[in-house]
Amino acid sequence: MTTTDLPRVDAAPSPEEPTTWTGKIRALWMRELPPEKMLPETQPKYVSSWIYVFGMLTIVSLIVIIVTGIVLTIGGVQWWHTSSFGHYMNSLHFWSVQMFFLFMTVHLWGKFWMSAWRGRRAMTWITGAIAMIMSIATAFTGYLIQTNFNSQWIAFESKDVLNSVGMGALINVTDFGQMVLMHVALLPLCVGVIVVMHVLLVRYRGVVPPAEAIDHAHTVAITEVAS
Amino acid sequence: MIGIAALDHPADYFTWGIWSISAPNLILFAILVLLFVGALLLPFPKGGEHK
């Protein structure tokens, strides 16, 4: 045996270098999204605009939706018909959904005309679009489980729509139990996961700068190189 | 305004040629546009340090 057959001392993993899958995930997370990047204390100057507020307003609305939804779930799907507190919670749940979609629409317009998918932010845009589509499905099932004439009307109108596109066998909008479970379990879970992904991507890639900021920075860089 | 807000009768509709929109949807759309334009034009309050 020659000395070259012995394992090299410097090839051994350093104490800081993780060898387990949990350690590797932690190292990857700390490298790509360290705490100061995930929960920053400052933002670029261009974020000082009302148009940048609407994403957060949408999340705040979502939090109110989730909290009031949990209270309604504890009470039961028909509790709000006979309880004044339940009626109040139901109204809060309904109006926070209206605010959620209002703020999300302005957020969408702002990001669309800002071309917010610039700078490798395509996945941020895509997760936002999926979150909106999932939210529409969640709101739709919410309308179906109001247990009133409005929900009956919506169910019997929409069943024709779903049947016409071949989805009636999979999603039966007149099946109250299926719609309740989709509204309080499956769809909120999907919305929650996709919104968390969306927010993490915003933190990872950073808030998209306005096009003018990029142009200005480019002009300054060219001027500095030329001088 | 009370007539527009009342929910016990069908909504009023505005029609221009092939285009038709209910009064509640038109009001909602106007609020959205106002919010969007306001968000672009209204000054943001100063506060805190920004880099």
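Please refer to the structure higher up on the page.
The sections below set out a description of the structure shown in this document. None of these values were measured; they are calculated from a predicted model.

## Looking at helix α6 (residues 122-144) of chain A
All names here are of chain A.
Right, on to step 1. Taking 1.5 Å per residue, 23 residues should reach 33 Å; α6 reaches 34 Å between its end C-alpha atoms and fits that length.
Right, on to step 2. When we look at burial in α6, the residues that qualify are T124, T127, G128, A131, M132, S135, T138, A139, T141, G142 and L144.
Right, on to step 3. Looking at the packing, one finds that the buried side of α6 touches α5 (84-113), α7 (149-164) and α8 (176-205).

## Some details on the pairing of strand β1 (residues 13-16) of chain B
Residues and elements named next belong to chain B.
Right, on to step 1. In terms of strand pairing, β1 meets strand β2 (residues 19-22) through four bridges, oriented antiparallel. Bridge pairing in β2 links T15 to S20.
Right, on to step 2. Adjacent in sequence and paired antiparallel, β1 and β2 are bridged by two residues, among which G17 carries a positive phi angle near 60°.

## Re the interface of chain B and chain A
Right, on to step 1. Taken together, the 16 residues of chain B in the interface contact 16 residues of chain A.
Right, on to step 2. Between chain B and chain A we count zero salt bridges in total.

## Overview of the environment of F36 of chain B
Right, on to step 1. Relative to the helices and strands, F36 of chain B resides in helix α2 (residues 23-41).
Right, on to step 2. For F36 of chain B, a relative accessible area of 14% gives the class buried.
Right, on to step 3. Apart from the residues lying within four places of it in its own chain, the contact partners of F36 of chain B are I51, V106, W109, G110 and W113 of chain A.

## Regarding α8 of chain A
Residues and elements named next belong to chain A.
Right, on to step 1. With 30 residues, α8 should reach 44 Å at 1.5 Å per residue; the first-to-last C-alpha distance of 42 Å fits that figure.
Right, on to step 2. At M182, α8 is deflected by roughly 45°, the largest bend along its length.
Right, on to step 3. As for α8, its buried residues are in contact with α3 (54-75), α5 and α6.
Right, on to step 4. Regarding α8, its N-cap is D175, as a side-chain oxygen of that residue lies 3.2 Å from the backbone nitrogen of G177 further along.
Right, on to step 5. Directly after α8, the chain includes G206, whose backbone phi takes a positive value near 85°.

What counts, and where the lines are drawn
Residues numbered from 1 in each chain as written. Chains lettered and ligands numbered in written order. Predicted model: local features only at pLDDT ≥ 70, side-chain atom pairs only at ≥ 80, totals over all residues. Heavy atoms only, no water. Helix = DSSP H or I, 4+ residues; strand = E, 2+ residues; numbered from the N terminus. Expected span 1.5 Å × (residues − 1). Buried < 20%, exposed > 50% of the residue type's maximum accessible area, 1.4 Å probe, protein only. Contact = heavy atoms within 4.5 Å. Pairing = 2+ DSSP bridges. Salt bridge = Lys/Arg side-chain N within 4 Å of Asp/Glu carboxyl O. Bend = angle between axes of the 7 residues up to and from the residue. Polar contact = N/O pair within 3.5 Å; in protein donor to acceptor, adjacent residues only side chain to side chain.

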